[in-house]
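Summary of structural features
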Amino acid sequence: MASSLTKDTAGAPSGEKTFFGHPRGLATLFMTEMWERFSYYGMRALLVYYLVSGGADAATGSQGGGLAMTAATATAIYSVYVSMVYLMAMPGGWFGDRVWGARKTVTIAGSVIMLGHLSLALPGQAMFFVGLILVAVGSGLLKANISTMVGHLYDGPEDPRRDGGFTLFYIGINLGAFVAPFVIGTVGKENNWHLGFALAAVGMGLGLVQFLLGTRHLSPKSNVVPNPLSAEERKGILLKVVGATLAIAVFYGAVVALGAFTLNWALVPLTLAGLIIPIAVLVRIKRDKELSAGEQSKMNGYIWFFVAAAVFWMIYDQGGSTLSLFADEKTASTVFGLSTSATWYQSLNPLFVMALAPVFAWLWLWLARKNQEPNTIVKFAMGLVLVGGSFFVFVVPMSMAADGTKVSPMWLVSIYMIQTIGELCLSPVGLSVTTKMAPRKYASQMMGVWFLAVTAGDCTTGLLSLAGVDLNGTGIIAMEASLAVVAGLAVWMYRKKVQSMMGEVH
């Protein structure tokens with residue numbers, strides 16, 4: 001991609017090299033994000049399989065060497081891990097704004113992610129959880145700040161190249177996510193788990209190296225700390241962090257000393273935190289007396305979108321857990337005589353996004369010209385009904401496989417495609433409506449609030465698994481499908497009420 005540099009005809013000095021007509025720094029950020037997503041989605045494609053894998057199967061020759069956990073525990077760990085990645089996006093943005101600046105934060109984040117994957121590459125349960133924590137923290141630090149640096153490349157919100165630049169950046173995300181399951185997934189699952197995790201570390205390492213080499217092309221603003229902490233603030237925060245760390249260490253030290261520690265002692269608090277923190281953040285913003293009546297009304301309307309998004313992601317993110325386990329255990333492993341790995345299904349979503357996103361962009365514009373484009377509320381309702389519909393479809397192959405029959409891979413292809421269409425209805429407009437409805441005082445923080453909807457949805461899944469609910473059962477899948485469809489219909493039925501809360505936002 002980086003070789004596809006052209007001379008810009010608008011928006012850059014004559015003779016300056018550009019990236020498809022965009023600032024040269026976009027190539028650096030494009031490749032950094034592509035490699036980071038390559039490492040993240042490659043590891044994620046392996047995660048559940050590694051957790052449930054036990055001893056090697058002598059009959060099939062499949063590798064063992066995993067952590068031999070139950071499907072319920074694996075689903076809970078996966079859900080908590082994904083939720084923590086999105087939860088850490090808020091403090092990640094804070095570090096960029098107040099401590100290190102976006103560029104330094106991304107450099108540190110890339111290093112932490114690489115160390116996390118290297119930890120995963122070492123055998124043993126202890127190193128596995130250390131690696132998982134490091135990858136979650138690093139991903140959260142990187143997520144908010146690299147997008148901020150893309151914005152720094154342009155001359156403000158009115159720069160005509162800005163939307164196109166973010167579109168190219170989005171392609172980088174999906175390109176890395178598409179390739180990773182074929183490379184990291186295949187090597188890790190079919191050959192050696194730890195070699196797969198090591199490949200994820202190599203991917204992040206490549207992204208970090210080219211980021212450091214290309215920083216000269218980034219905006220000087222990316223190296224600035226916009227709102228640095230005062231010495232007094234630093235001292236106060238440090239004392240709070242040290243105090244909280246000591247309290248946690250003492251508590252868990254006592255639990256271990258009493259011989260009472262189990263994995264749930266770690267998972268349950270994290271899961272509850274992932275549910276409580278989003279609610280607390282929304283309550284704090286809502287109770288701010290400085291908000292105008294109009295801003296309070298918009299926040300009331302935004303809560304509808306937040307809850308809808310949490311329900312959506314609760315189902316959608318099971319593509320890497322519930323659907324992955326079904327792909328491995330109950331789906332035929334050959335297509336047209338070609339042997340496949342179950343990890344390959346994780347490439348379907350980014351493939352469909354790259355194929356369908358331009359179609360949806362054209363469709364919304366075409367409908368807008370005819371004054372028939374659905375508004376944000378209707379698009380949210382469509383996304384919920386579609387993701388619920390995908391799980392109603394899922395019930396069919398689950399029932400077919402109940403007697404041990406291996407079902408056609410096309411069932412999963414169809415489910416992932418329906419979910420991606422739902423994502424394209426909900427996710428882009430969710431980001432847009434968040435910026436439009438954010439109170440002026442919380443304009444930056446509200447992007448983090450949007451990511452907290454993912455945290456809430458995934459933690460709901462994790463809590464259900466920890467409570468003993470079998471998320472791989474037909475009954476619970478049908479219940480989740482019904483919940484999403486009912487939520488979608490409720491959003492549609494109350495669309496006029498929600499629109500009145502939104503004020504001038506459409």
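Let's shift gears to the environment of Val-80. Tracing the chain through its elements places Val-80 in helix H2 (residues 71-87). On the basis of relative accessibility, which here comes to 4%, the residue Val-80 falls in the buried class. Sequence-wise, Val-80 and Met-114 are 34 residues apart; in three dimensions their C-alpha atoms are separated by 20 Å. With residues near it in sequence (within four places) discarded, Val-80 still touches Leu-267, Leu-270 and Thr-271.

If you check the backbone angles, Ala-68 has positive phi at about 55 degrees while not being a glycine. By the element assignment, Ala-68 lies in the loop between helix H1 (25-52) and H2. Although it is not a glycine, Asn-371 adopts a positive phi angle of roughly 60 degrees. With respect to the helices, strands and loops of the structure, Asn-371 is situated in the loop between helix H12 (348-369) and helix H13 (376-400).

This paragraph deals with helix H10 (residues 293-316). If you check H10, its first and last C-alpha atoms are 35 Å apart, about what 24 residues at 1.5 Å a residue would give, namely 34 Å. Summarising burial for H10: 17 of the 24 residues are buried, a large majority.

What follows covers the packing of H2 against helix H5 (residues 125-152). Geometry of a packed helix pair, given as the angle between the helix axes and the separation of the axes. One can describe the packing of H2 onto H5 by two numbers: an axis separation of 7 Å at closest approach and a directional angle of 30 degrees. Judged on the interaxial angle alone, H5 and H2 are roughly parallel. Residue-level contacts link Ile-77, Tyr-81, Met-84, Val-85 and Tyr-86 of H2 to Phe-129, Leu-132, Val-135, Ala-136, Ser-139, Gly-140 and Lys-143 of H5. Split into classes, the residues belonging to the contact of H2 with H5 amount to nine nonpolar, two polar and one charged.

Here the chain averages 89 in pLDDT, and 94% of its residues register 70 or above. Between residues 1-14, whose pLDDT stays under 50, and residues either more than four places distant or in other chains, the model counts 29 contacts. Here residues 57-61 is modelled with pLDDT under 50, and outside its nearest four sequence neighbours on either side it reaches one contact, counting other chains as well.

What follows covers the packing of aromatic side chains. Applying the stated rule across the entire model yields 26 aromatic pairs. Aromatic side chains Tyr-50 and Trp-193 sit 5.7 Å apart centroid to centroid with 65 degrees between the ring planes, which places their arrangement in the edge-to-face category. Residue Tyr-50 is found in helix H1, and its partner Trp-193 is found in helix H7 (residues 193-213); the two are separated by 143 residues along the sequence. A relative accessible area of 1% places Tyr-50 in the buried class. Ring geometry for Phe-391 and Phe-394: centres 5.6 Å apart, planes at 55 degrees, overall tilted. You can see Phe-391 and its partner Phe-394 sitting in helix H13, three residues apart, about one turn around the helix. For the residue pair Phe-391 and Phe-394, the accessibility class agrees, reading buried in each case. Clustering of aromatic rings is evident, with ring pairs tying together Tyr-50, Phe-128, Phe-129, Trp-193 and Phe-197. For the cation-ring pair, Arg-37 lies above Tyr-40, with the distance from its terminal atom to the ring centre recorded as 4.3 Å. When the ring centre of Trp-364 is taken as origin, the NZ or CZ atom of Lys-379, which lies over that ring, is 4.2 Å away.

Parameters and conventions
- Residues numbered from 1 in each chain as written.
- Predicted model: local features only at pLDDT ≥ 70, side-chain atom pairs only at ≥ 80, totals over all residues.
- Heavy atoms only, no water.
- Helix = DSSP H or I, 4+ residues; strand = E, 2+ residues; numbered from the N terminus.
- Buried < 20%, exposed > 50% of the residue type's maximum accessible area, 1.4 Å probe, protein only.
- Contact = heavy atoms within 4.5 Å.
- Expected span 1.5 Å × (residues − 1).
- Axes fitted to C-alpha atoms, helices over the stretch in contact; angles between N-to-C directions.
- Parallel < 35°, antiparallel > 145°, perpendicular 65-115°, else oblique.
- Nonpolar A, V, L, I, M, F, W, Y, C, P; charged D, E, K, R; others polar.
- pLDDT = per-residue confidence, 0-100.
- Phe/Tyr/Trp six-rings, centres within 6.5 Å; stacked < 30°, edge-to-face > 60°.
- Lys NZ or Arg CZ within 6 Å of the ring centre and 35° of its normal.

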